[in-house]
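Coordinate inspection notes
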There are 6 protein chains.
Amino acid sequence: MTSISSILHSGYHHPTSRQWQSGNVLRKVSLMYPIFITDDPNAADEIKSLPGQKRWGINKLQGFLKPLVEKGLSSVILFGVPLKVERDSTGTLADDPNGPVIQGVKLIRKEFPDLFVACDVCLCEYTDHGHCASIARIAEVAVAYAKAGAHCVAPSDMMDGRIKAIKERLIEAGISHRVCLMSYSAKFATTCFYGPFRDAAQSAPTFGDRKCYQLPPNASGLARRAIRRDLTEGADIIMVKPGMPYLDVVKDAKLQSPDVPIAVYQVSGEYAMIWRAAEAGVFELKTAVMESMEGFLRAGATLILSYYTPLLLEWLEN
Amino acid sequence: MTSISSILHSGYHHPTSRQWQSGNVLRKVSLMYPIFITDDPNAADEIKSLPGQKRWGINKLQGFLKPLVEKGLSSVILFGVPLKVERDSTGTLADDPNGPVIQGVKLIRKEFPDLFVACDVCLCEYTDHGHCASIARIAEVAVAYAKAGAHCVAPSDMMDGRIKAIKERLIEAGISHRVCLMSYSAKFATTCFYGPFRDAAQSAPTFGDRKCYQLPPNASGLARRAIRRDLTEGADIIMVKPGMPYLDVVKDAKLQSPDVPIAVYQVSGEYAMIWRAAEAGVFELKTAVMESMEGFLRAGATLILSYYTPLLLEWLEN
Amino acid sequence: MTSISSILHSGYHHPTSRQWQSGNVLRKVSLMYPIFITDDPNAADEIKSLPGQKRWGINKLQGFLKPLVEKGLSSVILFGVPLKVERDSTGTLADDPNGPVIQGVKLIRKEFPDLFVACDVCLCEYTDHGHCASIARIAEVAVAYAKAGAHCVAPSDMMDGRIKAIKERLIEAGISHRVCLMSYSAKFATTCFYGPFRDAAQSAPTFGDRKCYQLPPNASGLARRAIRRDLTEGADIIMVKPGMPYLDVVKDAKLQSPDVPIAVYQVSGEYAMIWRAAEAGVFELKTAVMESMEGFLRAGATLILSYYTPLLLEWLEN
Amino acid sequence: MTSISSILHSGYHHPTSRQWQSGNVLRKVSLMYPIFITDDPNAADEIKSLPGQKRWGINKLQGFLKPLVEKGLSSVILFGVPLKVERDSTGTLADDPNGPVIQGVKLIRKEFPDLFVACDVCLCEYTDHGHCASIARIAEVAVAYAKAGAHCVAPSDMMDGRIKAIKERLIEAGISHRVCLMSYSAKFATTCFYGPFRDAAQSAPTFGDRKCYQLPPNASGLARRAIRRDLTEGADIIMVKPGMPYLDVVKDAKLQSPDVPIAVYQVSGEYAMIWRAAEAGVFELKTAVMESMEGFLRAGATLILSYYTPLLLEWLEN
Amino acid sequence: MTSISSILHSGYHHPTSRQWQSGNVLRKVSLMYPIFITDDPNAADEIKSLPGQKRWGINKLQGFLKPLVEKGLSSVILFGVPLKVERDSTGTLADDPNGPVIQGVKLIRKEFPDLFVACDVCLCEYTDHGHCASIARIAEVAVAYAKAGAHCVAPSDMMDGRIKAIKERLIEAGISHRVCLMSYSAKFATTCFYGPFRDAAQSAPTFGDRKCYQLPPNASGLARRAIRRDLTEGADIIMVKPGMPYLDVVKDAKLQSPDVPIAVYQVSGEYAMIWRAAEAGVFELKTAVMESMEGFLRAGATLILSYYTPLLLEWLEN
Amino acid sequence: MTSISSILHSGYHHPTSRQWQSGNVLRKVSLMYPIFITDDPNAADEIKSLPGQKRWGINKLQGFLKPLVEKGLSSVILFGVPLKVERDSTGTLADDPNGPVIQGVKLIRKEFPDLFVACDVCLCEYTDHGHCASIARIAEVAVAYAKAGAHCVAPSDMMDGRIKAIKERLIEAGISHRVCLMSYSAKFATTCFYGPFRDAAQSAPTFGDRKCYQLPPNASGLARRAIRRDLTEGADIIMVKPGMPYLDVVKDAKLQSPDVPIAVYQVSGEYAMIWRAAEAGVFELKTAVMESMEGFLRAGATLILSYYTPLLLEWLEN
Ligand SMILES: [Zn+2]
Ligand SMILES: [Zn+2]
Ligand SMILES: [Zn+2]
Ligand SMILES: [Zn+2]
Ligand SMILES: [Zn+2]
Ligand SMILES: [Zn+2]
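What counts, and at which threshold
- Residues numbered from 1 in each chain as written.
- Chains lettered and ligands numbered in written order.
- Predicted model: local features only at pLDDT ≥ 70, side-chain atom pairs only at ≥ 80, totals over all residues.
- Heavy atoms only, no water.
- Salt bridge = Lys/Arg side-chain N within 4 Å of Asp/Glu carboxyl O.
- Helix = DSSP H or I, 4+ residues; strand = E, 2+ residues; numbered from the N terminus.
- Contact = heavy atoms within 4.5 Å.
- Polar contact = N/O pair within 3.5 Å; in protein donor to acceptor, adjacent residues only side chain to side chain.
- Nonpolar A, V, L, I, M, F, W, Y, C, P; charged D, E, K, R; others polar.
- UniProt positions renumbered as here; feature names shortened; annotations may be inferred.
- Expected span 1.5 Å × (residues − 1).
- Buried < 20%, exposed > 50% of the residue type's maximum accessible area, 1.4 Å probe, protein only.
- pLDDT = per-residue confidence, 0-100.

Below, the discussion takes up the pattern of salt bridges. One pass over the full model with this rule turns up 90 salt bridges over all chains. Put simply, Lys-66 of chain F and Glu-70 of chain F hold a salt bridge, and the shortest N to O gap is 3.2 Å. Of this pair, Lys-66 of chain F and Glu-70 of chain F both sit in helix α2 (residues 58–70), separated by 4 residues, roughly a single helical turn. The network of salt bridges with shared partners includes Asp-95, Arg-137 and Glu-140 of chain A.

This paragraph deals with the interface of chain C and chain D. If you look at the interface, chain C gives 45 residues, while chain D gives 45 residues. Viewed at the interface, chain D and chain C are joined by 4 salt bridges. The closest approach of N and O atoms between Asp-252 of chain D and Lys-251 of chain C, which form a salt bridge, is 3.2 Å. Taken together, the connections running from chain C to chain D amount to 10 residue pairs in polar contact (both at pLDDT 80 or more). Contributions of two or more residues to the side of chain C that touches chain D are made by α7 (220–232), α8 (247–256), α9 (268–279) and α10 (285–299) of chain C. With 7 residues, the single largest contributor to the side of chain C that touches chain D is α10 of chain C. Its residues assigned to classes, the side of chain C that touches chain D comprises 22 nonpolar, 11 polar and 12 charged.

Below, the discussion takes up the UniProt feature "binding site: 5-aminolevulinate 1" (unreviewed entry) in chain A. Feature annotation in UniProt places "binding site: 5-aminolevulinate 1" (unreviewed entry) on Arg-198 and Arg-210 of chain A, given in this structure's numbering. With respect to the helices and strands, Arg-198 of chain A occurs in helix α6 (residues 195–200).

Residues and elements named next belong to chain B. Compared with the 18 Å implied by 1.5 Å per residue over 13 residues, the 18 Å span of helix α7 (residues 220–232) between its first and last C-alpha is a close match. When you tally the buried positions in α7, you get 10 out of 13 residues, the bulk of the element. Looking only at α7, the buried set comprises Ser-220, Gly-221, Leu-222, Ala-223, Arg-224, Arg-225, Ala-226, Ile-227, Arg-229 and Asp-230. Residue Gly-234 follows α7 closely and has a positive phi angle near 110°.

Here we take up the environment of Pro-310 of chain C. Structurally, the position occupied by Pro-310 of chain C is in helix α11 (residues 309–317). When neighbours within four sequence positions are excluded, Pro-310 of chain C is seen to be in contact with Tyr-33 and Leu-68 of chain C.

Moving on: helix α11 (residues 309–317) of chain D. Taken as a whole, α11 of chain D has its buried residues at Thr-309, Pro-310, Leu-312, Leu-313 and Trp-315 of chain D. Among the structural elements, β1 (31–38), α2 (58–70), α10 (285–299) and β10 (303–306) of chain D are those in contact with the buried residues of α11 of chain D.

Turning our eyes to something else, we now look at the confidence of the model for chain A. Residue and element names in this part refer to chain A. Across chain A, the average pLDDT comes to 85, with 88% of residues at or above 70. In the predicted structure, residues 205–212 sits below a pLDDT of 50 and forms 19 contacts with residues beyond four places in sequence or in another chain. The complex prediction reports pTM at 0.76, with the ipTM value standing at 0.72.

For the rest of this paragraph, the subject is the UniProt feature "binding site: Zn(2+)" (unreviewed entry) in chain A. Residues and elements named next belong to chain A. Here, the residues flagged by UniProt with the feature "binding site: Zn(2+)" (unreviewed entry) are Cys-122, Cys-124 and Cys-132. Residue position: Cys-122 is located in the loop between β5 (116–121) and α4 (135–148). Looking at Cys-122, the relative accessible area reads 10%, which means it is buried. The contacts of Cys-122, once residues within four sequence positions are left out, are Cys-132 and Ser-156. Within the fold, Cys-124 resides in the loop between β5 and α4. Looking at Cys-124, the relative accessible area reads 1%, which means it is buried.

See the structure below:
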């Protein structure tokens, strides 16, 4: 088997990811849009705590994405939100060929061939215990998403060893050179910035980010070790999450890892905080969002996951 | 078998070994409280856009500070807010012995001898053109504040050469060894986070931070050069401002300048943003504020200027 | 006029600003006390070349430790000194359940539940050839100590691969998350500072540190590589040994490895050198020992192994 | 199978490849010998606390140095010890053309034309108050030594601005290009390692290093700032003092200042400590001294000031 | 007055102080001579595009090397050039005991026992497809060369994982401690500097460096990753190739890898470029070659592979 | 007077220089074309050793530049070549309003208003002794060029203190904010790469670069100190010269000075070496030149001075 540390191509196989290897100006290509896909095929449900965002069913996806792609949307990341399915101990439905994520990937690849598609990989929503099962199971699901056409898989849990496990399975499947592995390496256990996400995913309190092995907010040393570990284990992109409250960690990630793209996730709580403060008149929305983007780039981020992507595509137009 | 490199817990399982991991910790001495002093001696005016903060008159200062000092307040920074005085081209009233800042310094030094007193030095509020006049005039005012008893002077403008000008005047006055010079070295021209401050200072749109030579938000190179310059010109403390949206710059400042304390100013817009988002239910106030403090320390700050100081002194009590 | 760049005092004139300068401070939790446990249950034998230190039997251990724990002793490291046992090729008696180390660990865990207990792991004293046998055997002994209750195991040999071997065995035993692995990563083959230790361990000239793969005194490059290797293989704490004569290596270790605690061993020869020089009137004992401690902290050490621990606990009291 | 990362030997198995690994090596040119010159022309007085060292009169100097130069001595540093002269407020006799230092420099330049001669510059011994007077006076004396033929002047006080003052006077005198300025940049106020020196200099307790502005032992930040300042002010060589107890500072100095030679002073207390410990049987003298030298080189020193120089010249012979 | 910071000479005016400045110096041991060995035993064929270089047969080798060894040649690297053999898919003849490389190694080890012998390991010349087959096959050939007596094996392909594969085979063979593994870690796909080498190796256009996985010229990030990877996989020496056009990469390699020797290959195109430019009168040959050597050392190289070695041995004589 | 270290704007006043603050891809804006202007108004003289380059008279300048500007030429640097004038001790004619440089600047500013114009400042060609006179005189000439309209002045001598002298004069003249100061900080005394330039400048052997204080080829430490000094003294751009043979120094300059643009001068000897080697068939010209450009960018250069600029503008077109 090819050694994990030997594979360099997966980080720049796609024209879009290749562009992330260079530069530092906010371009449309710097943005990745997080999308919630649910198992109700006709859903277009407002998410109250994430104003302006919806959970989408498979039948609505094309209509929703088309105008965005026309405005220059170049990448998305899909989060599966199972509302109807039966949960079990291994999260069987996570990689169900008829589940929303795999259906979504296939549809997008067919309808929007130039769009870069990433899939969040997390089993918490699909298991009855609300945990991410095992790293073997995570790897299995990641490979299923990749085989369905995902350009990138992004395990959002923090279980030790999951990057290595996924990479090994991708190598075995012979697709390691074309699948980009984005690691949530520095994902912090913020107790306040993940609330709206849980609302979006309709998760019970026990579900979601809480259960996974997130880092304590002051643990910059552990974050650095996690980043180095994930690079060693085969990560192609390193993610820091949340964004603005952890800008110093983005900087740190860039210093630790100058040779791979750094992604930053402007999480639901940040999105809502800026939105609500603008509503309350603290500042103007566009100004504050644009300044947050400048901060991400200044700190060293190459790639920004943001719910503001549709607005940003418009603002970048002019 | 779990991979060796994946195991992080063994290093901090026991309470004793956990202490060997510990970094910088939030203490009461880490906080500096910004106070607005006005020329109406009996003022205690609410500042609408800074909920919970007031403009204080000299007669109300002791009563306001006493309970805070008892709770462990160890340092303050004074901002003069002239509402009645006539402005002129040199800002004559900035160092008027009967003006609010000099009166405030003297009162605090007499009533609270252990309290560390810093003075913001800025002439924009006192000049008819709303600019900071000249570096010579700034240095003059700084020395007047220092002679009145200030332990620290902090020029908040960004004019080239003002740190050197002040230091030279302090040397000439024979007090350079006892007066700490805190430089707003990396003060960014954010267009959205200074609004409530302007409200607090009752400044017209032309007044305030806008007119001084602030840095463009993406100018991390210029910020590094400004920090090095200010150290060369005699700064004892380096400040970064705003805070959370520029956490990466705090990190950068610490790396550039490991041998002096780094201060960070959680500015009015950040204060209001967190406050309003908590009001709107995005998160709980205390949790969000504490996480912002952890971020400052993690990024490398030694000293935090925050309007949340009174609340933090209470939270740190328990 | 004094030159601006010459003035350092202004940054630390006030007690509050002085605290903003403070770095790492010597605390009781920073000290780990090395204790020799022998297989004569009632021993309390003076060690001539280590003035003030003794070899202790299991029956004397509690009486000896009680007053130290009351003074704030928070961690110890145990060295087994077999005087009566028959040596064999695999060092069978090193992990004999009735041997002094395992008995000592159990007694301490029972009597002093808050005390952090580390065990030196070395087979040289137990083998008839005076070598450390194999890394497999070292790992076996380390696991036995950990199962007996040791919070930390510290292999003092330098054989290639022993950190990895121990970590793998700890993982297999399911206790890797609670056992701290301290590596003698940068242990130098000083020909003059280990003499009294050999006396304490009653070892023949062929025995002891000499046989293990220590580093040549000028090999800072190999030390750096050894530190990085041991981190990769699962070390939780990195140790440098000896201390004062290798302070630059402590500094180097901190730079190589900012994210784990650095331990330093003030070895027997250093202890005796300072003691004898003080006796001869070169300097006062307390002053010299305290300055050596300041050096360890300044160089970056978190944890100090020192025979002066009992005296230091007293000195720190006042 | 041995782990790949464990194997270090393959890189230096052959004598040729071993040379590719080589670092800094102790050579005779690395040593500078400190010599006490007194104003009794025929003195050859034993210094009790510095066993083996003497105070020399001008008439004995040539006879004393000749065998050392023949053994390869390449540089000395002269310390003036006035025993008979009247002290005054400006230390008039420090640069008396008939004083021991200036006489010593002239004699050495004439008799040993290839020997590099440095002069310690300190007025404490010559003033009635035991302080170093002013930086102007220090500069005056330094220039006098340089004009008398010294290749190097080394101000041992720590007064702010003395490097700049000396350099400016050397420039004015037109000899700045040929006079090397060695700064005691990182001279620590150790309370225990300077005792024998005071004995050698026959100084009263108020005299000597104590009065000058030495750094507190834990002040690595101030040491770094002092090094950078002295480089800016014109230092050609940076000295760290004491040596072994501050090896980490030597390392730090090398990192701060990779582009100038780093000198280290193995001070009187270190000399005596090793000597007395060897006498007491802790270790063998030669072994301990050689290991201390290896430490200085490993930490980054280029130049070592040591009272062991005569012994080292012999040991290096074989 | 000249500015203080402008004066650099004072630090190196005296011959002794000049030695304190000295860095890495070109010595004969710094040079490794690349030699082409062909399967025509009596060959001494001029290589037109590499003026002054020849392809040697085994019978001519001793006569050719003897005068060079007498002049101080201390290491060579052998390149096999099969002209007569039948190529097949696995490059069977690369490690034929009667092939030119293995015969050459044996002869040199016997006739010149102190000469360090390295072997380039590449199968492209021996395979019918002109590729390097597999890493398993590369490792097999490397071990065969090592067993024949090579002190060093140097795989010149860039296939992922070949350093690890070779090291593992050397460990299995029990010779890993005596065989130095030199990795062409940063070998760039220059399209213009490898031409004459292909001529020397009599390779068809499809053959040679082109087919191996070389790095694109601007890929400094990939080069850094490759260096770190190869160190992790067991490389003892890191090579950069070509030399002068990639001097910044040599610097980078030294910074990435301060603890192992850095080799640089002054490739055929550089050799020819300097030679032809000297012929055309742009500069004098010796001056330009010596300046290129100074550049390699200044950038951080320890070891230089150069066709100019015979000339350099002469020039270094005087 | 504004302090030298305070001025940041001069580095980014012109739209072209502002672009040098970002990015790292070879663009037309990355190139600066060196042009020789002579005092024969109608000259268009071939320079034999610089094939393809000419000395231009003022009357031919517009015709020569027009097609280049149309192809995207964005900056030039002018070298005055006085052939007829009388030389004197102060180089009077260097800033003669009717001399070729000042006439050239004015013409270009008038005819090509978007073209960025730099002037080399060197008096060697204008003085009868062939030296650069004094730094005061250099500063005088630099200011004259700036007043004539030059956007950038670039003193090519290496005299200590000339950057500070020029900057002070520019400040006095009130034009320091609009004139970019490019320092030949790391200009090496290569004995072989400056030959064709001397031919171009028609200088006698005693004239030219030789006389100025260039750095010895192995002096990377001095180069780093020179770069830091020049930044301190007000340089806006740091130049390294020559280019390819000093690529490691370009890298070093970038690391020393990450916050200002780094320029590299592909000098006459490099130009000729590549040209002649291409003629001799070593490689193809375009390939070799493009690879040299990639090297400059990879090493960290922002700006490249090259005689290949006209060819590169063409090659970049396609
Ligand atoms: Zn999960
Ligand atoms: Zn202002
Ligand atoms: Zn052992
Ligand atoms: Zn003194
Ligand atoms: Zn090959
Ligand atoms: Zn010149």
